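For reference, the chains in residue letters:
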Amino acid sequence: MQARFDIAVIGGGVVGLAVLRRFAMVGLKCVLLERGADILSGASKGNSALLHTGFDAPLRSLEIRCMRTGYKEYFNIRDKLNLPLVESSGLVVAWTPDELAALPAIVEKAHKNGVTDARQISAIELRLKEPNLAKSALGAVLVPGEHIIDAWSAPLAYAHQALAHGAAIMRSAEVTNGDFSKGIWQLQTVQGAITARIVVNAAGNYGDFVEAIARPSPFTIKPRKGQFVVFDKPAYKLARAIVLPVPTARTKGIVVFRTAFGNLAVGPTAEDQDDRELATCDREALLQLKARAIEILPALANIDVTANYSGLRPATEHKDYVIEALADRNWITIGGIRSTGLTAALGIAEYVSALYGKNFGELPKKPSKSVWTPVPNLTEDRIRPYMKGGEIICHCELVTRGEITAALDGPLPARDMGGLKRRTRATMGRCQGFYCSANIAAIAKGHFDAKP
Amino acid sequence: MPNHDVIIIGGGPTGLSAARALVDLGISDVVVLEREAEAGGIPRHCGHLGFGWQSHKRFWTGPRYAAELRKSTRFLDIRTSATVLELGNDGTVRIQNNSGISELKAKQILIATGTRETPRAARLVSGTRPQGVMNTGALQQHVYFHGNKPFSRPVIIGSEWVSFSAILTCRHLGIRPAAMIEENATISAPRPGDLVARFVFGVPVRTSTKLLNIVGRSNVEAIEIEHQNKREQIICDGVIFTGLFKPEKALLPMGELPESITLAGNVLEPLKTSGECWQQGRIAAEKIAARLL
Ligand SMILES: Cc1cc2nc3c(=O)[nH]c(=O)nc-3n(C[C@H](O)[C@H](O)[C@H](O)COP(=O)(O)OP(=O)(O)OC[C@H]3O[C@@H](n4cnc5c(N)ncnc54)[C@H](O)[C@@H]3O)c2cc1C
Ligand SMILES: Cc1cc2nc3c(=O)[nH]c(=O)nc-3n(C[C@H](O)[C@H](O)[C@H](O)COP(=O)(O)OP(=O)(O)OC[C@H]3O[C@@H](n4cnc5c(N)ncnc54)[C@H](O)[C@@H]3O)c2cc1C
């Protein structure tokens, strides 16, 4: 039987999309199969959207390796794809003498991880940098390379660039099973069978279920929920840096950070759960987050909450990523990309293409000319479409009709309201759709009818 | 840049009544800036009766009232699809419209940007985040602007005046609310609102009842409530968060207001009726005119 595709990627999160892009750009015939109505409907839907240096990642891990290469490549391709970047920095702030004593070790670890510009700063320097921080801060580690992006522009850019290189993206196409024979995979999807030479499992919180198609899964996913509270626009000015706590063994802790959309957010929590999909918000946790944020930046006490959301990290029993190729099964596993996947995705894609080379033969040479598909800018620090005119539909986030209709058309149109929000920011502001949601529903009418 | 006498931000009942009153007082260089494609404010989508008594001694629907307000200001300089982005401290106003960003300047500025209901997110409500959760304002636009029926058996959270507007809006398309939920021991709107809700509209009113949780994956399936320390579920397919009005005050400068800026209508202290806002618009106009003359 003739294989239709060289590569079938299961999962349209940031990781699957980066891998798809990588393989499509060398000319392999690729398809991505996504269970949701739209891409980015799993872990990649709601995260902190920070571009991490990896200063605090486990030493010599696969994770730090992929983060470092991913971070570098993000900067390399940023202009050509118009990827967001709000320059910031990280400040790991010590609030107690014990935490202060822990700072030198954080600097040392950062240096070992290659983040050589990380350094400890005094309480006075900290105050000069962040005058709105609570007065009880005792000192901090400054990590200049930590930055703010948004969660969706980059993966959408990867998707568009993959499409421009001939890849196919199928949505509402859950993979339910598969057969491997004579070097060819036949994957069962709810939209029929797909044949491919090599399968990449990038199924996020369902990674172990999908893995079971190829073998008993070497990992079990235990989703770890993270909730966030987002404050209204005036809060954006209260802190330039990403304010991190001194980490504990279990989590990086509660972070206060500006968002690329001009807000300020606090989160995430770290709560284990069984459900792979439902990320609820819980009043108690939201109240605690809000209270913690006010402790860190007291001026937040007078600023309204705009939104809250939560996301599920695909955590496993392993500390590190699980990325491996099964040479005899034509299968590549990408599992447990827990809390750094947005940063690491391009690095993971590079690592995976190296695995391909080692296990499945040399990759085609990269064609000399690549197509670049810049994404529309959603971030506040650059020119936004409304500034050039047009009819504003979403008043709080200043989203124009043109942006909304563009997101409903094109090679990868939004397939549900969530997909439209992620492409435009519409309804994400302080009124949460009081003024515009009905108009947007009218504009989108007919676009969300389930067509695969 | 010409220095107008007055710029009015917001073309709702307050802004339009102020504009008209200013002209009647002899101030004709007045510009109204309205971000929607049509002036009229909230009444544009309150398709039920309840408007016009105080100002016109009529009993109109909201859209009719909005149309009358537009009629009474039709010769004035009302610029729609014009969003005010920012106020400078020297009387300049930054505006976005179809052709981009520009600035206007005025001696006096009236902010009449109205109010909105507190959405679910700012109330920090537990649960999933399915489709079908909205404020009354959005519901009205679905129903009266677009003939959309976003759900057929929602619950209404809150019991202010506007919560009854939500009931009326539902009835317009045959939507039958499953219940009205109020945390306090009595409803916020005056009696006999609860009796009207129950016996006229068939909507059970549940006071001393707390919303705990919204349930449902892609669409609302139920809410969980607590009453006298007992939890129960109400099956429903939508949640309407009503009231808890928040002034639309993002444009307000920090600190004390300069003499050149006045606020009126619902942006001041929500929520008043359209008639009271209309009246406040006139009073603001007199104050502004006195400053100019
Ligand atoms: C609270 C939180 C904060 C975070 N903060 C950051 C941060 O600041 N910076 C950072 O770099 N990273 C951050 N992350 C991590 C990052 O979000 C994840 O690592 C990343 O989204 C994982 O992407 P993924 O593609 O592996 O998984 P997913 O996004 O879950 O993608 C997997 C996809 O596979 C699909 N799928 C599942 N089963 C099937 C099937 N059988 N058939 C077809 N499709 C299927 C799913 O629907 C899903 O869309 C954070 C994560 C969370 C939850
Ligand atoms: C659901 C609901 C039902 C109601 N039912 C009744 C009723 O039955 N009877 C009654 O008398 N009253 C009713 N009211 C109250 C009535 O609608 C208000 O009192 C009245 O509309 C307030 O007028 P306003 O001009 O102050 O504000 P609004 O009507 O809110 O007008 C403000 C205007 O400012 C514009 N604006 C805001 N920001 C900007 C900006 N930056 N740039 C440009 N323009 C801007 C808005 O687009 C809007 O048009 C109801 C209100 C609601 C929400």
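Residues numbered from 1 in each chain as written. Chains lettered and ligands numbered in written order. Predicted model: local features only at pLDDT ≥ 70, side-chain atom pairs only at ≥ 80, totals over all residues. Heavy atoms only, no water.

1. Structural notes on the pairing of strand S19 (residues 331–335) of chain A
Looking down a regular strand, the side chains alternate between one sheet face and the other.
Residue and element names in this part refer to chain A.
Stage number 1. Of all 5 residues in S19, 5 are buried, a share of seventy percent or more.
Stage number 2. Going residue by residue along S19, you find Trp331, Thr333 and Gly335 tucked away on one face and Ile332 and Ile334 tucked away on the opposite face as well.
Stage number 3. Across 5 bridges, the pairing between strand S18 (residues 322–326) and S19 is antiparallel. The partner of valine 322 across the bridge, within S19, is glycine 335. (Buried < 20%, exposed > 50% of the residue type's maximum accessible area, 1.4 Å probe, protein only. Helix = DSSP H or I, 4+ residues; strand = E, 2+ residues; numbered from the N terminus. Pairing = 2+ DSSP bridges.)

2. Topic: the packing of helix H1 (residues 14–25) of chain A against helix H8 (residues 341–360) of chain A
All names here are of chain A.
Stage number 1. Two elements in contact, H1 and H8, have axes separated by 8 Å at closest approach and are oriented at 45°. Looking at the two axes, H1 sits oblique to H8. In the crossing of H1 with H8, the sense of the turn from one axis to the other is right-handed. Along its contact with H1, which presents Val14, Val15, Ala18, Val19, Arg21, Arg22 and Phe23, the element H8 presents Gly341, Leu342, Ala345, Leu346, Ile348, Ala349, Glu350, Val352, Ser353 and Tyr356.
Stage number 2. Tallied by class, residues from the contact of H1 with H8 come to 12 nonpolar, 2 polar and 3 charged. (Axes fitted to C-alpha atoms, helices over the stretch in contact; angles between N-to-C directions. Parallel < 35°, antiparallel > 145°, perpendicular 65-115°, else oblique. Left-handed = near helix turned anticlockwise from the far one by under 90°. Contact = heavy atoms within 4.5 Å. Nonpolar A, V, L, I, M, F, W, Y, C, P; charged D, E, K, R; others polar.)

3. Examining the site of ligand 2
Residues and elements named next belong to chain B.
Stage number 1. Taken together, 35 residues sit near ligand 2, with Thr14, Glu34, Gly50, Lys272 and Ser274 positioned nearest.
Stage number 2. One nitrogen or oxygen atom from the side chain of threonine 14 is found 2.7 Å from an oxygen atom belonging to ligand 2.
Stage number 3. Measuring from an oxygen atom of ligand 2, one finds a backbone N or O atom of isoleucine 42 at 2.9 Å.
Stage number 4. For ligand 2, whose accessible area on its own is 1000 Å², the fraction buried by protein is 94%.
Stage number 5. Mapped onto the shell around ligand 2, the elements with two or more residues apiece are helix H1 (13–24), strand S3 (49–51), strand S6 (83–87), helix H4 (136–146), helix H5 (161–172) and helix H7 (274–292). (Near = heavy atom within 4 Å. Polar contact = N/O pair within 3.5 Å; in protein donor to acceptor, adjacent residues only side chain to side chain. Areas by Shrake-Rupley, 256 points an atom, 1.4 Å probe, with all protein chains shown as cover.)

4. Re the environment of threonine 220 of chain A
All names here are of chain A.
Stage number 1. Its location among the elements puts threonine 220 in the loop between helix H6 (207–211) and strand S12 (224–231).
Stage number 2. On the basis of relative accessible area, threonine 220 is assigned to the partly exposed category, the value being 46%.
Stage number 3. Distance from threonine 220 to aspartate 56, taken between C-alpha atoms, is 24 Å for residues 164 residues apart in sequence.
Stage number 4. Those residues in contact with threonine 220 that lie beyond four places of it in its chain are Asp208, Ala315, Thr316 and Glu317.

5. Regarding the interface of chain B and chain A
Stage number 1. Taken together, the 38 residues of chain B in the interface contact 38 residues of chain A.
Stage number 2. Where chain B abuts chain A, roughly 3200 Å² becomes buried across the two surfaces, and 53% of that area is made up of carbon and sulfur atoms.
Stage number 3. It is Arg116, Leu124 and Arg217 of chain B that lose the most area in chain B upon contact with chain A, and together they represent 20% of the buried surface on that side.
Stage number 4. Across the contact surface, chain B and chain A share 2 salt bridges.
Stage number 5. Put simply, arginine 217 of chain B and aspartate 275 of chain A hold a salt bridge, and the shortest N to O gap is 2.8 Å.
Stage number 6. Across the chain B-chain A interface, the total number found is 17 residue pairs in polar contact (both at pLDDT 80 or more).
Stage number 7. Within the residue set of the side of chain B that touches chain A, elements represented by two or more residues are S6, strand S7 (92–97), strand S8 (100–111), strand S9 (115–117), strand S10 (126–127) and H4 of chain B.
Stage number 8. Examining the composition of the side of chain B that touches chain A, we find that 6 residues originate from one element, H4 of chain B, more than from any other.
Stage number 9. Residue composition of the side of chain B that touches chain A, by class: 11 nonpolar, 18 polar and 9 charged. (Buried area = accessible area lost by both parts, 1.4 Å probe. Salt bridge = Lys/Arg side-chain N within 4 Å of Asp/Glu carboxyl O.)

6. What about the site of ligand 1?
All names here are of chain A.
Stage number 1. What surrounds ligand 1 is a group of 41 residues, the closest being Glu34, Ala43, Ser44, Ile337 and Thr343.
Stage number 2. One of the backbone nitrogen or oxygen atoms of valine 15 is found 3.1 Å away from an oxygen atom of ligand 1.
Stage number 3. Within the residue set of the shell around ligand 1, elements represented by two or more residues are H1, S12, strand S17 (305–313) and H8.
Stage number 4. Counted by class, the shell around ligand 1 contains 18 nonpolar, 18 polar and 5 charged residues.
Stage number 5. Residue-level mapping places the shell around ligand 1 at the junction of two domains, with at least three residues from each of domain 1 (4–47 + 152–220 + 318–360) and domain 2 (87–148 + 222–313). (Domains from an automatic or database assignment.)

7. What to know about the pattern of salt bridges
Residue and element names in this part refer to chain B.
Stage number 1. Enumeration according to the criterion identifies 35 salt bridges over all chains in this entry.
Stage number 2. For arginine 206, the salt bridge identified is with glutamate 232, shortest N-O distance 3.0 Å. Residue arginine 206 is located in strand S14 (residues 205–206), and its partner glutamate 232 is located in strand S17 (residues 230–235); the two are separated by 26 residues in the primary sequence.
Stage number 3. Taking relative accessible area as the criterion, arginine 206 reaches 22% and is therefore assigned partly exposed.
Stage number 4. The exposure class assigned to glutamate 232 is partly exposed, which follows from its relative accessible area of 35%.
Stage number 5. Between arginine 291 and glutamate 259 there is a salt bridge, with its nearest N and O atoms 3.7 Å apart. Remark: glutamate 259 occurs in the loop between strand S19 (245–247) and strand S20 (261–263) and arginine 291 occurs in helix H7; sequence separation between them is 32 residues.
Stage number 6. Looking at arginine 291, the relative accessible area reads 30%, which means it is partly exposed.
Stage number 7. Judged by relative accessible area, glutamate 259 falls into the exposed class, the value being 60%.

8. Description of the sheet that holds S17 of chain B
Picture the strands of a sheet paired through backbone hydrogen bonds; they go either parallel or antiparallel.
Residue and element names in this part refer to chain B.
Stage number 1. Here 4 strands make up an open sheet; going across it, the order is S10-S15-S16-S17 and the pairing mixed. On the outer flanks of this sheet lie S10 and S17, each paired with one strand and no other.
Stage number 2. Where S10 and strand S15 (residues 209–215) come together, 2 bridges link them in parallel fashion. Pairing of serine 126 across the sheet is with asparagine 213, part of S15.

9. Considering the state of the cysteines
Residue and element names in this part refer to chain B.
Stage number 1. What the rule picks out here adds up to 0 disulfides over all chains.
Stage number 2. Of all cysteine sulfurs, the one in cysteine 170 lies closest to cysteine 236, which takes part in no disulfide; the gap is 12 Å.
Stage number 3. Since its relative accessible area comes to 5%, cysteine 236 is described here as buried.
Stage number 4. No disulfide involves cysteine 277; its sulfur sits 12 Å from the nearest other cysteine sulfur, which is in cysteine 46. (Disulfide = S-S within 2.5 Å.)

10. Quick word on empty space enclosed by the protein
Stage number 1. Scanning the model with the defined rule gives 2 cavities of 30 Å³ or more in all.
Stage number 2. Its boundaries defined by the atoms lining it, the largest cavity holds a volume of some 70 Å³.
Stage number 3. Taken together, Asp232, Asp304, Val305, Thr306 and Arg430 of chain A together with Arg116, Glu117, Thr118, Pro119, Ala122 and Lys246 of chain B make up the full set of residues lining the largest cavity.
Stage number 4. Looking at the lining of the largest cavity, the elements that each hand over two or more residues are S17 of chain A together with S9 of chain B. (1 Å grid on protein atoms, 1.4 Å probe; cavity = no way out; pocket = protein on both sides within 12 Å on 5 of 7 lines; lining within 4 Å. Points joined across faces, edges and corners; volume = space filled by probe spheres on them.)

11. Focus: the confidence of the model for chain B
Stage number 1. Averaged over every residue, the pLDDT of chain B is 95; residues scoring 70 or more account for 100%.
Stage number 2. With pTM at 0.96, the complex prediction returns an ipTM value of 0.95. (pLDDT = per-residue confidence, 0-100.)

12. A few points about unusual backbone geometry
Stage number 1. For the bond running from glycine 267 of chain A to proline 268 of chain A, omega is -5°, close enough to zero to count as cis.
Stage number 2. A positive phi angle, near 60°, is found at leucine 40 of chain A, a position not held by glycine.
Stage number 3. Its place among the elements puts leucine 40 of chain A in the loop between strand S2 (30–33) and strand S3 (50–51).
Stage number 4. By relative accessible area, which is 1% here, leucine 40 of chain A ends up buried.
Stage number 5. Despite not being glycine, serine 81 of chain B has its phi angle at roughly 50°, a positive value.
Stage number 6. Its location among the elements puts serine 81 of chain B in the loop between strand S5 (77–79) and S6.

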